[in-house]
Amino acid sequence: MPEEIIKVPDIGGDSATVIEVCVKLGDSIKKDESIIVLESDKASMEVPAPKDGIIKEILVKLEDSVSEGVPMVKLDLAATEGKPEAKQAKQQPSASTQTNTQSIQKVLTPDLGVDSATIIEVCAQVGDEIQQDDSLITIESDKASMDVPSPYAGIVKSMHVKQGDAISTDMLIAEISTTASAPATETKQNVTAATSDTAKTAAVSQTNKQPTVATTTANEGKYHAGPAVRKLARELDISLSVLQGTGPNHRIVKEDLHGYIKNRMNQGGGGAGIPQIPQVDFSKWGEVTTETQSRAQQIASTNFQTAWLNIPHVTQFDQADITDLENFRKGMKKQAEAKGVKLTPLAFIIKACAHAIVAMPEFASSLADGNKQVFKKYINIGVAVDTPFGLFVPVIKNANNLGIFEIAKQCVELATKAKEKKLKPNDMQGGCFTISSLGAIGGTAFTPIVNAPEVAILGLSKSSMQPVWNGNEFIPRLMLPLSLSYDHRVINGVQAAKFTATLSNYLADMRNILL
Ligand code: CAO
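Residues numbered from 1 in each chain as written. Predicted model: local features only at pLDDT ≥ 70, side-chain atom pairs only at ≥ 80, totals over all residues. Heavy atoms only, no water.

*Asks:* Kindly report on a positive patch on the surface, identifying the contributing residues and their values.
*Replies:* On the surface, a cluster of positive charge is made up of Lys-330, Lys-333, Lys-342 and Lys-419. Assignment of secondary structure puts Lys-330 in helix α8 (residues 323-338). (Patch = residues over 30% accessible without salt bridge, like charges linked within 9 Å, V, L, I, M, F, W, Y side chains within 5 Å. Areas by Shrake-Rupley, 256 points an atom, 1.4 Å probe, with all protein chains shown as cover. Salt bridge = Lys/Arg side-chain N within 4 Å of Asp/Glu carboxyl O. Lys, Arg positive; Asp, Glu negative; His and termini not counted. Charge placed at Lys NZ, Arg CZ, Asp CG, Glu CD. Helix = DSSP H or I, 4+ residues; strand = E, 2+ residues; numbered from the N terminus.)

*Asks:* Lay out the site of the ligand with the relevant residues and their values.
*Replies:* Neighbouring residues of the ligand: 22 residues in total, closest Lys-342, Thr-344, Ser-436, Ser-461 and Ser-463. One of the side-chain N or O atoms of Lys-333 is found 3.1 Å from an oxygen atom in the ligand. One of the side-chain N or O atoms of Thr-344 is found 2.6 Å from an oxygen atom in the ligand. Burial of the ligand by the protein chains amounts to 71% of its free accessible area of 980 Å². (Near = heavy atom within 4 Å. Polar contact = N/O pair within 3.5 Å; in protein donor to acceptor, adjacent residues only side chain to side chain.)

*Asks:* Give a description of the environment of Gly-340 that names residues and reports values.
*Replies:* Among the secondary structure elements, Gly-340 is positioned in the loop between α8 and α9 (345-359). Remark: the alpha-carbon pair of Gly-340 and Phe-405, spanning 65 residues in sequence, is separated by 9.5 Å.

*Asks:* Before we move on, can you summarise the sheet that holds strand β9 (residues 103-108) with the specific residues and values?
*Replies:* Pairing in this open sheet of 4 strands is antiparallel, and the strands run β9-β16-β14-β11 from one edge to the other. Each having just a single partner strand, β9 and β11 (129-130) make up the two edges of the open sheet. As paired elements, β9 and strand β16 (residues 172-178) share 6 bridges and run antiparallel to each other. Looking at the pairing, Gln-105 lines up with Ile-176 of β16. (Pairing = 2+ DSSP bridges.)

*Asks:* Mind laying out α8, listing which residues take part and the relevant values?
*Replies:* Residues separated by three or four positions in an α-helix point in the same direction, a consequence of the helix having 3.6 residues per turn. With 16 residues, α8 should reach 22 Å at 1.5 Å per residue; the first-to-last C-alpha distance of 24 Å fits that figure. When the local axis directions of α8 are compared, the greatest deviation, roughly 40°, occurs at Met-332. Of the residues making up α8, those classed as buried are Thr-323, Leu-325, Glu-326, Arg-329, Met-332 and Ala-336. Packed against the buried residues of α8 are β17 (313-321), α9, α10 (404-419), β27 (474-487) and α11 (493-508). Positive backbone phi, at 75°, marks Gly-340, one or two positions downstream of α8. (Expected span 1.5 Å × (residues − 1). Bend = angle between axes of the 7 residues up to and from the residue. Buried < 20%, exposed > 50% of the residue type's maximum accessible area, 1.4 Å probe, protein only. Contact = heavy atoms within 4.5 Å.)

*Asks:* Provide a residue-level description of the environment of Leu-232, including the pertinent values.
*Replies:* The topology assignment puts Leu-232 in helix α5 (residues 227-236). In this structure, Leu-232 is in contact with Lys-254, Leu-257 and His-258, ignoring residues within four places of it in sequence.

*Asks:* Go over the pairing of β16, please, and point to the residues and values.
*Replies:* In terms of burial, β16 is largely enclosed, as 6 of its 7 residues are buried. Pairing geometry for strand β14 (residues 154-159) and β16, over 4 bridges, is antiparallel. Opposite Met-159, over in β16, you have Ala-174 as the bridge partner.

Following this line, the structure appears as structure tokens:
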């Protein structure tokens, strides 16, 4: 059987590190497709296949240090038929085990919690051998993205979706051929509507897990991207080092490149030339450890940077006298507890913000097409919730129509869901205005970043007793610091000052809302 051993080429130095293995055993590849990516201290280099063939053996692994002439991959040149067949031949351990236990399992979309999301990456191809929990597709709604993992191990027989497709709950994603050696077949899942729930449960729970592969294979400080993305990056002259991978296992996907370009174009001439922060080898000065940011942190960090670079931010500071409100709240705490509700100042502040927005609807607007302002007729308030996995902003819908107890109840429910990674995309969508409360922790003021495409965010710091002059004397009043950051393209300083004044008025005496 004709074979070819692909060896490390001249790498212009003593050694290089294997930073990506782009192929798997049984893959059918074409001449010039990348099979291994090497990186030396000078450059990274993709090693292409010299001929068409099937990957027979992979002789190196991630992080291996290799030098010129070291064998990396054995290519079978004879078996160059279609990819799926070639792979299946590879998977069949023996005719008897294969015929006895092989079955086809359907994978359906889990409960997305939204009408529709978009497929941003298809992570598996027909013929791929996959393990249980390997990602099949990555989907994204306007607030979150998630991997849909396979509940089965086996061979991908068919993929029924493609990148860019709109997808909704219970749609057929793929069919997996499972074999005796595939662990998931032992759970005897049948392809029926009833068992699709099992598949969904597996998928949903996986979306709430950290991508385990990421922590084991993510090559810290290196950039994971497939050959097509690397090729596109080269064509567009974009260094992968400036991109944040939002794909599975933090891989850089095409959308990251497109988003980067879009961002730079939106920034216009001035923004496009932003110098990069240099990469520093901190280990030169002492021991360091490096951890890959969680997916949620990566999404939040991209959103913060996008908002910070696109929005001219101004922050208005003010203080609200909440002395009477706090007395009232403390008096209501027992009643709230009887209803199973934890009553904090936040519920009142959400309610007061919602009514300030009724009075000043521009605070629930968004810019569209550069010169249009969309006014939303609903008032949904997002609340930033800090979790060990990153920052989430669940949304309290129609807050102006809710009672204080109901708002407090929803706050606790949504914050709990966030902390347990159980928020659904719908829980985080449709926000008009955001509140970020650091009041339980401390501080006197801060400058929150607007949660684009919203136009304003209210930061809350810790309330404290202050001497306030009433015309005759200083009296002790409980003052709550407010920090309102806004998009100066939409809101001007006078509107911002009026908004915090209105809010302070409502918080000083909630009856003012009724006037
Ligand atoms: N001043 C003084 N005390 C305050 C306060 C304020 N502004 N806000 C809340 N408190 C008090 C509460 O009354 C409560 O005390 P009691 O139990 O005695 O009543 C205590 O602080 C703890 O409140 P809490 O944190 O449990 O509840 P909350 O409703 O204030 O906040 C939530 C809920 C979800 C916003 C919060 O848990 C959280 O995640 N905060 C982090 C916010 C964050 O990360 N912001 C992002 C910043 S931008 O990077």
